[in-house]
Amino acid sequence: MPSGQFYVVDQPELSFTANYRLDRVNDKPFASRMVLEIQKQSQPTDAFDAISIGHEVTFVSSSGEAQRMVLVSDTDDALVFSSRG
């Protein structure tokens with residue numbers, strides 16, 4: 001999985017390195033879903049402590065593209081967000 005630098009929209013101080021991938025959504029041929037995985041061991045993630053599964057966050061990539069994503073998994077190792085593609 002490639003990795004990149006992302007930050008939370010309107011909060012550029014909340015910057016994270018994350019692995020990401022695009023998944024095809026089979027039942028919608030025009031749409032792709034982006035999955036963003038933030039590894040907890042490699043950086044502090046306490047900024048996300050107050051959110052729970054289903055909470056929406058808008059991330060901005062280093063290229064300036066914004067993507068609304070939903071927290072779909074919070075394990076001891078990683079936070080996983082997915083777009084609604």
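Before reading further, recall that the structure is shown in the block above.
What counts, and at which threshold
Residues numbered from 1 in each chain as written. Predicted model: local features only at pLDDT ≥ 70, side-chain atom pairs only at ≥ 80, totals over all residues. Heavy atoms only, no water. Helix = DSSP H or I, 4+ residues; strand = E, 2+ residues; numbered from the N terminus. Buried < 20%, exposed > 50% of the residue type's maximum accessible area, 1.4 Å probe, protein only. Contact = heavy atoms within 4.5 Å. Areas by Shrake-Rupley, 256 points an atom, 1.4 Å probe, with all protein chains shown as cover. Phe/Tyr/Trp six-rings, centres within 6.5 Å; stacked < 30°, edge-to-face > 60°. Pairing = 2+ DSSP bridges.

(A) Geometry of the overall build of the chain. Helices and strands together make up the secondary structure of the chain, namely 0 helices and 6 strands. Along the chain, helices (α) and strands (β) appear in the sequence β-β-β-β-β-β when read from the amino end. Each of the 85 residues in the chain was classed as buried or not, and the buried ones make up 35%. Look at the contacts in the chain between residues 6 or more apart in sequence, and 41% of them connect residues 24 or more apart. Element-wise, carbon and sulfur atoms account for 48% of the exposed surface of the chain, whose accessible area totals about 5200 Å².

(B) Examining the packing of aromatic side chains more closely. Enumeration over the complete set of coordinates arrives at 5 aromatic pairs. Between Phe48 and Phe59, the ring centres sit 6.1 Å apart and the planes meet at 45°, which makes this aromatic pair tilted. Note that Phe48 is positioned in the loop between β3 (32–39) and β4 (56–61) and Phe59 in strand β4, a separation of 11 residues in sequence. Residue Phe59 is classed as buried on the basis of its relative accessible area, which comes to 2%. Look at Phe59 and Phe81: their rings are 4.9 Å apart centre to centre, the planes differ by 75°, and that puts the pair in the edge-to-face class. Taken together, the residues Phe59 in strand β4 and Phe81 in strand β6 (residues 78–82) connect sequence positions 22 residues apart. No difference in accessibility class separates Phe59 from Phe81, as the two residues are buried. A network of ring pairs unites the aromatic residues Phe16, Phe48, Phe59 and Phe81 as a single cluster.

(C) Main features of the environment of Val70. Secondary-structure assignment places Val70 in strand β5 (residues 66–74). Counting along the chain gives 12 residues from Val70 to Ser82, while the straight-line C-alpha distance between them is 5.3 Å. Beyond its immediate chain neighbours, meaning those up to four positions away, Val70 contacts Gly54, His55, Glu56, Val80, Phe81, Ser82 and Arg84.

(D) Molecular detail of unusual backbone geometry. Here Asp10, not a glycine, exhibits a phi torsion of approximately 65°, which is positive. By the secondary structure assignment, Asp10 is in the loop between β1 (3–8) and β2 (11–24).

(E) Representation of the pairing of β1 within the structure. The alternating pattern of β1 places Gly4, Phe6 and Val8 on a buried face and Ser3, Gln5 and Tyr7 on a face that is not buried. As defined by bridge partners, β1 adjoins β4 across 3 bridges and the pair is classed as antiparallel. The partner of Tyr7 across the bridge, within β4, is Val60.

Honestly, that's just the spatial picture; any functional story needs more than this.
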